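In case you want the letters, here they are:
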Amino acid sequence: MTRIMIFGTFDMVHEGHVDFFRQARALAPDPYLIVSVARDPIVTRIKGAKPRRSEQERHALLSRNTLVDEVILGQEDGYVEHIADAKPDIIALGYDQVGEFVDRLERDLTNAGIEVKVVRLQAFRPEKYKTSKLI
């Protein structure tokens, strides 16, 4: 089993997210997909607005998705510890994931002694399937 971890807000789950899950699962023949849901204060700080759904609602929504094996809540401060606890073999980043956590991710994981492969996935019709465009 290959543990694959992805991150996001997931205020809604649309076809772009479904493709994100499928691409992540396709990284290994025996995938176990772990979805880390961004905490409400982190979403507010990074996106400048509160999420439409609470972290508990977003967690519950993803828990019902058949492509997802495990859903965890991210940290409210930092991110390295919850990645270490999840023990992923691969971290799959979305095509549009940028910012402080992504920019420092590989360096911070290396500094923490965490060996994990980090890959960037492809966009799936971002002109149509992007949460900010669908809301």
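Use the structure listed above.
The text that follows walks through the structure, step by step, so that each part is easy to find. (Residues numbered from 1 in each chain as written. Predicted model: local features only at pLDDT ≥ 70, side-chain atom pairs only at ≥ 80, totals over all residues. Heavy atoms only, no water.)

Focus on the pattern of salt bridges
Note that side chains of opposite charge can pair when their charged atoms are close. Filter applied, for reference: Salt bridges are identified by distance alone: a Lys or Arg side-chain nitrogen within 4 Å of an Asp or Glu carboxyl oxygen. Under the DSSP-based scheme used, a helix requires at least four consecutive residues in state H or I and a strand at least two consecutive residues in state E, with every element numbered from the N terminus. A simple rule labels every residue: compare its accessible area, found with a 1.4 Å probe on the protein chains alone, to the largest value its type can have, and call it buried under 20%, exposed over 50%, or partly exposed in between.
Per the counting criterion, the structure on display carries seven salt bridges. A salt bridge links Glu 76 to Arg 39, with the nearest nitrogen and oxygen atoms 3.3 Å apart. Of this pair, Glu 76 sits in the loop between strand 3 (70-73) and helix 4 (80-86) while Arg 39 sits in the loop between strand 2 (31-37) and helix 2 (40-47), and the two are 37 residues apart along the sequence. By relative accessible area, Glu 76 is classed as partly exposed at 47%. A salt bridge links Arg 107 to Asp 108; its shortest N-O distance comes to 3.5 Å. Given a relative accessible area of 49%, Arg 107 falls into the partly exposed group.

Comments concerning the side chain of Ser 36
This is how it is decided: Any pair of N or O atoms that falls within 3.5 Å is considered a polar contact. Within protein, one atom must be able to donate a hydrogen and the other to accept it, and sequence-neighbouring residues count only if both atoms are side-chain atoms.
The residue Ser 36 is located in strand 2 in this model. Within polar-contact distance, the side chain of Ser 36 engages the side chain of His 82 at 2.7 Å.

Notes on the nonpolar core
The condition is simple: The term nonpolar core refers to a set of buried residues drawn from Ala, Val, Leu, Ile, Met, Phe, Trp, Tyr and Cys, joined through side-chain atoms within 4.5 Å. Two residues form a contact once any of their heavy atoms are found within 4.5 Å.
Within the largest apolar cluster, 19 residues are counted, with the highest numbers of intra-cluster contacts made by Ile 6, Phe 21, Leu 33 and Val 35. Breaking this core down by element, the ones donating at least two residues are strand 1 (2-8), helix 1 (15-25), strand 2 and strand 4 (90-93). A total of four residues in this core trace back to one element, the largest contributor, which is helix 1. Beyond its immediate sequence surroundings of up to four residues, Val 35 is in contact with Ile 6, Phe 10, Phe 21, Leu 62, Val 68, Glu 70, Val 71 and Ile 72. If you look at the next biggest cluster of nonpolar residues, it comprises 16 residues, including Ile 34, Tyr 79, Val 80 and Ile 83.

Some details on the sheet that holds strand 1
Applicable threshold: Any two strands with at least two DSSP-identified bridges between them are counted as paired. Helix axes are fitted to C-alpha atoms over the stretch in contact, other axes to C-alpha atoms as well, and angles between N-to-C directions run from 0 to 180 degrees.
An order of 3-2-1-4-5 is seen for the five strands of this open sheet, with the pairing classed as parallel. Where the open sheet ends on each side, the last strands, each with one partner, are strand 3 and strand 5 (117-120). Averaged over all neighbouring strand pairs, the angle between strand axes comes to 25°, with direction disregarded. Sheet topology places strand 1 next to strand 2; seven bridges connect them, and they run parallel. Along strand 2, the bridge assignment pairs Ile 6 with Val 35. Each of strand 1, strand 2 and strand 4 is contacted by helix 1, which is oriented at about 155° to strand 1, the strand it contacts most.

Here's the deal with helix 3 (residues 55-63)
Our working rule: The directions from the helix axis to the C-beta atoms form the arc being described.
Within helix 3 the residues assigned to the buried category are Glu 55, Arg 58 and Leu 62. Relative to the axis of helix 3, the buried residues are bounded by an arc of 65° and lie together on one face. Buried residues belonging to helix 3 abut helix 1, strand 2, helix 2 and strand 3.

Things to note about unusual backbone geometry
The backbone phi angle of Phe 10 is positive, close to 60°, even though this residue is not glycine. With respect to the secondary-structure elements, Phe 10 resides in the loop between strand 1 and helix 1. For Phe 10, a relative accessible area of 3% puts it in the buried group. Positive phi, normally seen in glycine, also occurs at Lys 87, with a value near 55°. Mapped onto the fold, Lys 87 is located in the loop between helix 4 and strand 4.

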